[in-house]
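An overview of the molecular structure
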Amino acid sequence: MVNKINIGKSNTLKSGVFILGIIFSMYLVFAITYEIVVSPRNVNETTSYAYNLTINNTNVTTGNITKVEIIFDVNFTFINNTNGSSIGANVTIDSNKLTWQGFNISNQTTAYFWINATASFPATYNITINLTNNYGGNFTNSSLTIVVNDTTKPTITLISPINGNTTLNAPGATFIFNVTDNSLTNCSLILNGIIVNSNNSVNRIGGNTSFTNISYSAANTWSVNCTDNANNIANSS
């Protein structure tokens with residue numbers, strides 16, 4: 001009996017295995033996984049914090065990280081000479097973006113990066129992390145958020161009348177003031193220490209607002225109390 005060998009089928013099988021190997025290798029290069037942690041995630045406005053970025057290269061066989069980029073919102077200001085890393089990377093600062101490179105975070109290795117920054121305006125901000133590996137593969141995470149809390153009280157200025165003026169006693173007297181705040185909710189007119197009128201639609205960007213003494217009670221002092229969405233309370237007196 002003569003054994004027949006089908007060379008064509010054998011070569012086809014080898015080619016198929018070779019192509020699958022290439023596809024699998026490409027998958028290892030681009031289907032890379034990392035663990036990224038940013039802290040703190042809840043801060044107060046106009047206060048400097050040290051923001052720490054932890055990157056764990058969880059890949060087992062491929063993808064050394066060679067470049068790390070972190071992009072903050074434009075309302076963040078970096079503090080000079082406060083950046084650093086655990087791996088001695090070179091850093092470039094461009095406005096609200098930091099780029100570290102000139103290093104290798106190998107497989108199953110963790111590295112740390114940090115920068116001091118201040119947020120000027122309360123809001124919830126997304127930050128973006130871009131990673132590049134030594135094969136040219138890229139990974140982006142834009143789902144990390146930092147909550148910046150409103151801690152600033154409203155600023156109130158009384159315009160007229162002057163406290164102690166006889167017009168305070170007039171029925172239906174008008175009281176003019178202005179107030180500035182990011183998230184004002186309401187203001188109240190106070191005569192002789194008693195709230196007599198409130199307004200939930202006050203001009204919050206410094207324009208004049210007026211109250212009328214709807215109680216018609218005599219008074220010799222007046223003030224205004226204002227509250228914002230973060231429950232910051234201010235009194236003009």
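These remarks concern the structure in this document. Computed from a prediction, not measured in an experiment: that's the story for all the values here.

Moving on to the packing of aromatic side chains. For the structure on display, the rule yields eleven aromatic pairs. Measuring from centroid to centroid gives 4.9 Å for Trp 100 and Phe 113, while their planes differ by 50 degrees, and the two rings are tilted. One end of the pair, Trp 100, is in strand E8 (residues 97-105); the other, Phe 113, is in strand E9 (residues 109-119), with 13 residues separating them in the sequence. Classification of Trp 100 by relative accessible area gives buried; the value is 2%. We classify Phe 113 as buried; its relative accessible area is 1%. An angle of 15 degrees between the planes, with centres 5.4 Å apart, marks the rings of Phe 177 and Phe 211 as stacked. A residue pair is termed long-range when its members are at least 10 positions apart, and Phe 177 in strand E13 (residues 174-180) and Phe 211 in strand E16 (residues 205-212) qualify at 34 residues.

Within the fold, Asn 44 resides in strand E2 (residues 42-44). The exposure class of Asn 44 is partly exposed, given its relative accessible area of 30%. Along the sequence, Asn 44 and Pro 122 sit 78 residues apart, while their C-alpha atoms lie 7.6 Å from each other. Each residue touching Asn 44, except ones within four places of it in the same chain, is listed here: Tyr 49, Val 148, Asn 149 and Thr 151. Only 3.4 Å separates the side chain of Asn 44 from the side chain of Asn 149, close enough to count as a polar contact.

Applying the stated criterion across every chain yields a total of one disulfide. What pairs with Cys 187 in a disulfide is Cys 226, and their sulfur atoms sit 2.0 Å apart. Disulfide Cys 187-Cys 226: torsion about the S-S bond near 110 degrees, hence right-handed. Pair noted here: Cys 187 is in strand E14 (residues 184-191) and Cys 226 is in strand E17 (residues 222-228), with a separation of 39 residues, a long-range link. For Cys 226, a relative accessible area of 0% corresponds to the buried category.

Conventions used here
- Residues numbered from 1 in each chain as written.
- Predicted model: local features only at pLDDT ≥ 70, side-chain atom pairs only at ≥ 80, totals over all residues.
- Heavy atoms only, no water.
- Phe/Tyr/Trp six-rings, centres within 6.5 Å; stacked < 30°, edge-to-face > 60°.
- Helix = DSSP H or I, 4+ residues; strand = E, 2+ residues; numbered from the N terminus.
- Buried < 20%, exposed > 50% of the residue type's maximum accessible area, 1.4 Å probe, protein only.
- Contact = heavy atoms within 4.5 Å.
- Polar contact = N/O pair within 3.5 Å; in protein donor to acceptor, adjacent residues only side chain to side chain.
- Disulfide = S-S within 2.5 Å.

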